[in-house]
Every structure is written in structure tokens, then in C-alpha cells.
Amino acid sequence: MNDTFLPPIENPRGLIMKLAYYFTRRQFGKVLTPLKVHSARLPPAFGLFYTKIGVLDKKLLLPPETALLIREQVARINVCLFCVDMGRSFTIKASMNQAKFDSLEQYRTSALFTDAERAALDYVTELTKHKKVNPDTFASMSHHYSEREICEIVWLVASEHIYNMTNIGLNIHSDMLCDLTRKKEKA
């Protein structure tokens, strides 16, 4: 296990942060490492911003599975182990097709993915890897998604980068949330 660049704060100051620790422990079975390493050192408004991302994701028109596939692809490309683990724990809790998420690296050839998902994942992959997109890739995706959905896809990529860079920048790795979620689901 790699150590984070800054030590986790186990006993936070302030009522808001103590409540954040309590509620994440209650929701996930532990206090999340990004909360202890990053958010605990900043004014509460920063942590609330991260919470707002999750709230905004609930307003998306894209199916939840598509949104999580996009987030997972970005996190996988950026090698954010915490985010990959977190995303997968959400898919387990939501009883989504785990074989599909296991096959994400082969999305172009796997029969588990629709043409629309492939087009979105091509776009997401290109944007994440190269920080630009070929007009043909965009055109292919636009055949499957509305303008609103395209903007949602861009939002998912951009907001996932916020999570990824926070964790990568502080050497935050997996919290083993998938294992905790599987145990919780069996109980």
C-alpha cells in the first residue's frame, strides 16, 4: 500500500467536517481517504463542491450506467485507483452488469456495449488521452446523443478529472470500497 503524500487527518476540526466523517463512515463503512487527506485541510465549501458534483449527476438525462461507464473510463485512463474503486462500488450497489464494467477495456469489440456507448467511449477516451477530439469522433457520437446529452458527457469527463487529479496529486489509492460494498450487499 502506498502512503499518501500528506498524512490522513483522523480527528477533524469543526462540526461540518466531523459530520462529513460521520456520514461517509455510515455510507461507506469508513471515512474516505480523500476526505481525510484533502478535504479536511480546506474550508468546508471545497468539500461541499465535491458533494455538489454528485447532486448534479442526479440531474443528468444520460442513463446512470452510461454515466458510470464514462466516469470509469476516464478514471481508468488517468489511473485513479480510488475513483475506479469508488465507481465500481456504485455499480455493485446499483446491481449493474459487472461483466460490462469488467470488459470496459474491450468496449470496441465487446458485444456487451451498444453502438451509442462505443461512440461515447471513443469520444471520452480521445478527450481524456489527447485533450482534444477529432471532428469525426464527435460526429459519430452526435448521431447517438442529443446536444444536452453531449454536454453531459463533457461534464462527466471534466468533473471526473477533478476527482482524479485530486487523488493522483496526493497519492491517494483505492479504499477497497468494492470489497466493502460486496460484503454489505451479501449481509
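Scroll up to find the structure this text is about.
Residues numbered from 1 in each chain as written. Predicted model: local features only at pLDDT ≥ 70, side-chain atom pairs only at ≥ 80, totals over all residues. Heavy atoms only, no water.

K.L.:
Summarise the packing of aromatic side chains; cite the residues concerned and give the values.
P.N.:
Describing an aromatic ring pair means giving the distance of the ring centres and the angle of the ring planes. Per the stated rule, a full pass over the model turns up 6 aromatic pairs. Summarising the aromatic geometry, the rings of Tyr22 and Phe23 are spaced 5.0 Å apart at their centres and angled 75 degrees between planes, so their arrangement reads as edge-to-face. Judged by its relative accessible area of 46%, Phe23 is partly exposed. When the centroid spacing of 6.5 Å and the interplanar angle of 70 degrees are considered together, the rings of Tyr107 and Phe113 count as edge-to-face. A residue is classified by how much of its surface remains accessible, and Phe113, at 3% relative accessible area, is buried. Here the aromatic residues Phe49, Tyr50 and Tyr163 are joined through ring pairs into a cluster of three or more. Stacked on the ring of Phe113, the Lys or Arg Lys100 has its end atom at 5.6 Å from the ring centre. (Phe/Tyr/Trp six-rings, centres within 6.5 Å; stacked < 30°, edge-to-face > 60°. Buried < 20%, exposed > 50% of the residue type's maximum accessible area, 1.4 Å probe, protein only. Lys NZ or Arg CZ within 6 Å of the ring centre and 35° of its normal.)

K.L.:
Tell me about unusual backbone geometry, and name the residues and values.
P.N.:
Despite not being glycine, Val79 shows a phi value in the positive range, around 55 degrees. Relative to the helices and strands, Val79 is located in the loop between α4 (64-78) and α5 (81-93). Even without a glycine there, the phi angle at Met176 is positive, about 60 degrees. Along the chain, the position of Met176 falls in the loop between α9 (147-169) and α10 (177-186). Using a relative accessible area of 47% as the deciding quantity, one classes Met176 as partly exposed. (Helix = DSSP H or I, 4+ residues; strand = E, 2+ residues; numbered from the N terminus.)

K.L.:
Describe the packing of α5 against α10, naming the residues involved and giving the relevant values.
P.N.:
Packing of α5 against α10 brings their axes to within 8 Å, and their N-to-C directions diverge by 15 degrees. What the angle tells us is that α5 and α10 run roughly parallel. Relative to α10, α5 is oriented so that their crossing is right-handed. Touching Phe82, Asp85, Met86, Arg88, Ser89, Ile92 and Lys93 of α5 are Leu177, Cys178, Thr181, Arg182 and Glu185, all from α10. (Axes fitted to C-alpha atoms, helices over the stretch in contact; angles between N-to-C directions. Parallel < 35°, antiparallel > 145°, perpendicular 65-115°, else oblique. Left-handed = near helix turned anticlockwise from the far one by under 90°. Contact = heavy atoms within 4.5 Å.)

K.L.:
Can you tell me about the pattern of salt bridges, naming the residues and giving the values?
P.N.:
Evaluation of the coordinates by the stated rule reveals 12 salt bridges. Of the charged contacts in the structure, one is a salt bridge between Glu65 and Lys100, with a shortest N-O distance of 3.0 Å. Of the two residues, Glu65 is situated in helix α4 and Lys100 in helix α6 (residues 98-102); the sequence distance between them amounts to 35 residues. Arg118 serves as the salt-bridge partner of Asp115, at 3.1 Å between the closest nitrogen and oxygen. (Salt bridge = Lys/Arg side-chain N within 4 Å of Asp/Glu carboxyl O.)

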